[in-house]
Amino acid sequence: MTDAPHNPAATGPRSHPATLARATVAVTAGRPPRVQGAPVNPPVVLSSTYVSAGVAGPGEKLYTRMDTETWGPFEDAVAALEGASQPGVVFGSGMAAIASVLSMVPDGGKVVVPRHAYQVTLGFVDDMALRHRVTVVRVDVADSEATIAEFAGADLVWIESPTNPMLEVADLPVLIDAAHRAGALVAVDNTFATPLVQRPLEMGADIVVHSATKYLAGHSDVVLGITVTSSAHLNATIRAYRTLHGAIAGPWEVWLALRGLRTLSLRVERAQANAAELALRLSTHPAVEQVRHPSLPGDPGHEVASRIMDGYGAIIGLRPRGGAAAADAVVAALALWTPATSLGGVESTLERRRRFPTESVTVPEDLLRMSVGVEDVEDLWADLDQALNHGLDQL
Ligand SMILES: *Cc1c(COP(=O)(O)O)cnc(C)c1O
């Protein structure tokens, strides 16, 4: 039976009805066509090569460094969530996706980056600069005027917002518009916000990248990245880069990421509600020096985040009283929260960022980056409260 009703969500971003809410899109996008006997989930195909037609024809499946049927459903689903008219391009890591975009800057070009951003992104552009490939200018993306002042002659404006790990919030529509007037391409790392909370393409950005390792996959079990754009030209350029450089994702990982994506809205809703509640309680805790979360009315990012985002995300910046040693003592005293790098999983994790010698020296020594998960908020609070009080006793 082949005349069953066509599943509007089955065939990718262009055919995805714009009227569906994103929570629905996360569940429905990237499904196989709804015909009797078909599986409801796309299969994992483990094959490096395909039976050829003898003579290579257009669209012929050849070899899975170029494309594989396991990538498409995830690429379509993330593109639909970001509101892109082209499918995404999945990579073997967030860094591979980021490298594909940075590689587009011409030799001798200029790149503007946030002074605080994912450490390895900054390391990547520094490495390009060291080899005289490009010049790099670092800006405070929360200061629109100072940021825009650096756009003259830029080829690429790279924005991360909220920034990792400082949680500065960029006024994306203002920065994107100014960057375009200066003739620059704009790419936004949307990992912290997710497309449920912030959609840079709708604000005019050319490219969005994600470390899908984090919220999109959401279970700390895969390393993956993806780029999304509505430009057919940029999409083709990034796809060609992936084939040339071979930074491809394994089919199992992409299948797991799509499975994780199905619950994205549930996870993000719960995690950011937990984060807002914890940030509020932390802001009056006697053992806390400073807490950063854009949900807090007094937070420097609150006004912009309230205007351009659909939420505040689930990452908190916490500086306990007593400096780096006290911060380490808090981490050690926690029982439920897991000390670990990375973020965006269902489980709550945290780390003191300056334990990495490569972290920016402008990140405070005592800053704990907390990735709030989906556990019960009272359990999370009880553990935090006892660990902070334990630290107070040591002061
Ligand atoms: C983790 C992270 C990356 C890098 O992604 P990988 O999947 O680890 O390669 C890039 N940007 C941000 C904001 C991240 O948190």
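Since this is a predicted model, take the numbers as computed values, not measurements. (Residues numbered from 1 in each chain as written. Predicted model: local features only at pLDDT ≥ 70, side-chain atom pairs only at ≥ 80, totals over all residues. Heavy atoms only, no water.)

Moving on, we come to the UniProt feature "modified residue: N6-(pyridoxal phosphate)lysine" (unreviewed entry) in the protein chain. Within this structure's numbering, the places UniProt gives as "modified residue: N6-(pyridoxal phosphate)lysine" (unreviewed entry) are Lys214. The residue lysine 214 is located in the loop between strand 6 (207-211) and strand 7 (225-229) in this model. If near-sequence neighbours (up to four positions away) are discounted, lysine 214 is found in contact with Thr191, Ser342, Leu343 and Gly344. (UniProt positions renumbered as here; feature names shortened; annotations may be inferred. Helix = DSSP H or I, 4+ residues; strand = E, 2+ residues; numbered from the N terminus. Contact = heavy atoms within 4.5 Å.)

The next thing to look at is the domain arrangement of the protein chain. Assigned domains within the protein chain: domain 1 (20-261) and domain 2 (265-394). Using only C-alpha atoms to locate each centre, domain 1 and domain 2 end up separated by 27 Å. Roughly 2800 Å² is buried in total at the junction of domain 1 and domain 2, and carbon and sulfur atoms are behind 59% of that figure. Considering only the side of domain 1, the residues that lose the most area to domain 2 are Leu167, Val197 and Tyr215, jointly responsible for 24% of the buried surface there. (Domains from an automatic or database assignment. Buried area = accessible area lost by both parts, 1.4 Å probe.)

What follows covers the site of the ligand. For the ligand, the set of nearby residues contains 16 residues, the closest of which are Met95, Asp189, Ser211, Thr213 and Lys214. The side chain of aspartate 189 places a nitrogen or oxygen atom 2.7 Å from a nitrogen atom of the ligand. At 2.7 Å from an oxygen atom of the ligand is found a side-chain nitrogen or oxygen belonging to lysine 214. If the ligand stood free it would expose 380 Å²; the protein chains cover 92% of that surface. Counting residues per element, the shell around the ligand draws most heavily on helix 3 (residues 94-102), at three residues. When its residues are assigned to classes, the shell around the ligand shows seven nonpolar, six polar and three charged. (Near = heavy atom within 4 Å. Polar contact = N/O pair within 3.5 Å; in protein donor to acceptor, adjacent residues only side chain to side chain. Areas by Shrake-Rupley, 256 points an atom, 1.4 Å probe, with all protein chains shown as cover. Nonpolar A, V, L, I, M, F, W, Y, C, P; charged D, E, K, R; others polar.)

Moving on: the sheet that holds strand 10 (residues 338-339). Overall, mixed pairing links the five strands, which are arranged 8-9-12-11-10 in an open sheet. The open sheet has two free edges, formed respectively by strand 8 (288-292) and strand 10, since each of these has just one partner strand. In the sheet, strand 8 pairs with strand 9 (residues 315-320) via four bridges, with the strands oriented antiparallel. Among the inter-strand pairings, glutamine 290 is bridged to a residue of strand 9, identified as arginine 319. Against the sheet, helix 11 (residues 323-333) contacts strand 9, strand 10, strand 11 (349-352) and strand 12 (368-371), and its axis sits at roughly 155° relative to strand 11. (Pairing = 2+ DSSP bridges. Axes fitted to C-alpha atoms, helices over the stretch in contact; angles between N-to-C directions.)

A word on the environment of histidine 233. In this fold, histidine 233 is placed in helix 7 (residues 232-245). The class of histidine 233 is exposed, set by a relative accessible area of 60%. Separated by 64 residues in the primary sequence, histidine 233 and proline 297 place their C-alpha atoms 42 Å from one another. (Buried < 20%, exposed > 50% of the residue type's maximum accessible area, 1.4 Å probe, protein only.)

Among the nonpolar cores identified, the biggest contains 88 residues, and Phe74 and Leu282 are the most heavily contacted of them. Counting residues per element, this core draws most heavily on helix 9 (residues 264-282), which supplies seven residues. Other than its neighbours up to four places away in sequence, phenylalanine 74 contacts Val90, Ala212, Ile226, Val254, Ala257, Leu258 and Leu261. (Core = buried A, V, L, I, M, F, W, Y, C linked by side-chain atoms within 4.5 Å.)

One turn of the α-helix equals 3.6 residues, which is why residues spaced by three or four share an orientation. Within the span of helix 8 (residues 251-261), buried status applies to Val254, Ala257, Leu258, Gly260 and Leu261. Down the axis of helix 8, the sector holding all buried residues measures 160°, keeping them to one side. At its buried positions, helix 8 is contacted by helix 1 (22-28), helix 2 (72-82), strand 1 (89-91) and helix 9. (Arc of directions from axis to C-beta.)

Below, the discussion takes up the sheet that holds strand 3 (residues 134-139). As summarised here, the arrangement of the seven strands in space is 1-7-6-5-4-2-3, forming an open sheet in which the pairing is mixed. With one partner strand each, in any of the chains shown, strand 1 and strand 3 form the two edges of the open sheet. Neighbour-to-neighbour, the strand axes of this sheet turn through a mean angle of 20°, independent of strand direction. Strand direction decides the pairing type here: strand 1 and strand 7, joined by three bridges, are antiparallel. Bridge pairing in strand 7 places valine 90 opposite isoleucine 226. Lying over the sheet, helix 2 contacts strand 1, strand 6 and strand 7, oriented at roughly 55° with respect to strand 7. Lying on the sheet, helix 7 is in contact with strand 1, strand 5 (185-189), strand 6 and strand 7; it crosses strand 1 at an angle near 30°.

A word on a nonpolar patch on the surface. A cluster of nonpolar residues, Leu62, Tyr63 and Met66, forms a patch on the protein surface that exposes about 270 Å² of accessible area. For methionine 66, a relative accessible area of 38% puts it in the partly exposed group. (Patch = residues over 30% accessible without salt bridge, like charges linked within 9 Å, V, L, I, M, F, W, Y side chains within 5 Å. Salt bridge = Lys/Arg side-chain N within 4 Å of Asp/Glu carboxyl O.)

In the contact formed by helix 3 and helix 4 (residues 119-130), the axes pass within 11 Å of each other and the chain directions differ by 35°. Crossing of helix 3 over helix 4 shows right-handed handedness. Side by side, helix 3 and helix 4 meet where Met95, Ile98, Ala99 and Leu102 of the first sit next to Val120, Thr121, Phe124, Val125 and Met128 of the second. Of the residues contributing to the contact of helix 3 with helix 4, the split by class is eight nonpolar, one polar and no charged. (Left-handed = near helix turned anticlockwise from the far one by under 90°.)

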